[in-house]
Amino acid sequence: MRHSGRCGFLATDHQLRDRDHWGFNAASLVGVELSTEAVSLAICVFCGASQGDSPVYTEAGYQLGKQLGSRFHRLIYGAGGVGVMGAVARGAAEYGAKIVGVIPSFLREREMGDDIPPQEIIITTNLAHRKTTMMNLADGFIGLPGGYGTMDEMFEVISMSALGVERRPVVLVNTNGFWDLFLELVDELGKRRFLPEDKYFIVVDDPAEAIDRIEFARDAR
Ligand SMILES: C/C(=C\CNc1ncnc2c1ncn2[C@@H]1O[C@H](COP(=O)(O)O)[C@@H](O)[C@H]1O)CO
């Protein structure tokens, strides 16, 4: 755990209201101590409640969580204790990350599990409210492997970027070529002129690089 010994201050109410003051989501600073060399980001991770057919997916999730904690970032995720979600949370918790889990009440029993890492839990009324809540808290988005839920969440942030109403970075971690079919679909839709030529997301192979890209976007502001 590397959080000890950091010099810190808290954002003021004025700073919290003024997103541009920080150039990114100042809400991510609430209650967070800052080091002199690193400023915390709130990174929203969308990923599966299942573990998939290979341990590489949960391993990627764990590594992403570990990187978030090691770099003092905050994890915003779906409050799962199972599947890839659980792996991200365990990695983040083991490396000292602050975690905010957002989950609709009807999924609590099914997806939180018994050994969910310590986190601040926000209960929402439904899936749409959960997604909006997670998005409102985030400085950037990372997509790991997952199922319908993950696809829904990633399509929403990518399509909002394409509409020009979303400017925060969106990064897909292509573990084991998981996103290749999605990339083919996007290429094909582009060829048929149903999508713009520009890409509204970044694809990386490695979880650490996903965080590099979101940090880079912050530093470029
Ligand atoms: C837009 C709506 C429904 C579309 N479906 C989902 N939307 C959001 N989240 C969902 C949906 N289906 C499942 N989920 C949850 O997402 C998490 C990851 O799921 P995955 O399928 O394993 O990737 C998990 O918590 C799912 O329960 C209605 O508003």
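So, here is what we can say about the structure in this document. Just so it is clear, the structure is predicted and the values come from calculations on it, not from any experiment.

1. Here we look at the pairing of strand β3 (residues 99-104)
Most of β3 is tucked away: six of the six residues are buried. Side chains I99, G101 and I103 project from β3 onto one buried face, and the interleaved V100, V102 and P104 project onto a second face that is buried too. Bridge analysis of strand β2 (residues 74-77) against β3 gives three bridges, and the strand direction is parallel. By the bridge assignment for β3, L75 is matched with I99. In terms of handedness, the path from β2 via helix α4 (residues 83-94) over to β3 forms a crossover that is right-handed. Pairing of β3 with strand β4 (residues 120-124) involves five bridges; the strand directions are parallel. Residue I103 lies in a different strand from β4, and its bridge partner there is I123.

2. Some points on the site of the ligand
Close contacts around the ligand come from 17 residues, with A49, E111, G147, G149 and T150 the closest. Within the side chain of E111, one N or O atom sits 2.4 Å away from an oxygen atom of the ligand. Considered on its own, the ligand offers 600 Å² of accessible surface; in the complex 72% of this is hidden by protein. Counting atoms within 2 Å of the grid points, the majority share of the ligand lands in the largest pocket. If you list the elements that add at least two residues to the shell around the ligand, you get α6 (127-137) and α7 (148-162). Counting residues per element, the shell around the ligand draws most heavily on α7, which supplies five residues. Of the residues in the shell around the ligand, the class split is seven nonpolar, five polar and five charged.

3. So, the layout of surface pockets
Considered as a void within the structure, the largest pocket measures approximately 470 Å³ in volume. C47, A49, G147, G149 and T150 are the residues nearest the centre of the largest pocket, which is lined by 30 residues in total. If you list the elements that add at least two residues to the lining of the largest pocket, you get β1 (42-46), α4, α6 and α7. Within the lining of the largest pocket, the residues separate by chemical class into 15 nonpolar, nine polar and six charged. Of the pockets and cavities examined, the second largest pocket occupies roughly 230 Å³. Lining the second largest pocket are 14 residues, and of these I158, A162, V186, L195 and P196 lie nearest its centre.

4. A short note on α4
Its twelve residues place the ends of α4 17 Å apart at the C-alpha level, agreeing with the 16 Å of an ideal helix rising 1.5 Å per residue. Along α4, nine of the twelve residues are buried, which leaves the element largely enclosed by surrounding structure. If you check which residues of α4 are buried, you get G83, V84, M85, G86, A87, V88, A89, G91 and A92. Buried-residue contacts for α4 involve β1, α3 (55-70), β2, β3 and α5 (108-112). Remark: G96 follows α4 within two positions and exhibits a positive phi of approximately 80°.

5. Topic: the packing of aromatic side chains
Tallying each qualifying case throughout the model produces six aromatic pairs. An angle of 75° between the planes, with centres 5.6 Å apart, marks the rings of W179 and F182 as edge-to-face. One exposure class covers both W179 and F182, and it is buried. Three or more aromatic residues joined by ring pairs make a cluster, and in this case those are Y57, F155, F178, W179, F182 and F201.

Cut-offs used in this document
Residues numbered from 1 in each chain as written. Predicted model: local features only at pLDDT ≥ 70, side-chain atom pairs only at ≥ 80, totals over all residues. Heavy atoms only, no water. Buried < 20%, exposed > 50% of the residue type's maximum accessible area, 1.4 Å probe, protein only. Helix = DSSP H or I, 4+ residues; strand = E, 2+ residues; numbered from the N terminus. Pairing = 2+ DSSP bridges. Right-handed = clockwise from strand over helix to strand, strands pointing away. Near = heavy atom within 4 Å. Polar contact = N/O pair within 3.5 Å; in protein donor to acceptor, adjacent residues only side chain to side chain. Areas by Shrake-Rupley, 256 points an atom, 1.4 Å probe, with all protein chains shown as cover. 1 Å grid on protein atoms, 1.4 Å probe; cavity = no way out; pocket = protein on both sides within 12 Å on 5 of 7 lines; lining within 4 Å. Sits in = over half its atoms within 2 Å of the grid points. Nonpolar A, V, L, I, M, F, W, Y, C, P; charged D, E, K, R; others polar. Points joined across faces, edges and corners; volume = space filled by probe spheres on them. Expected span 1.5 Å × (residues − 1). Contact = heavy atoms within 4.5 Å. Phe/Tyr/Trp six-rings, centres within 6.5 Å; stacked < 30°, edge-to-face > 60°.

These figures come from the coordinates and say nothing about function on their own.
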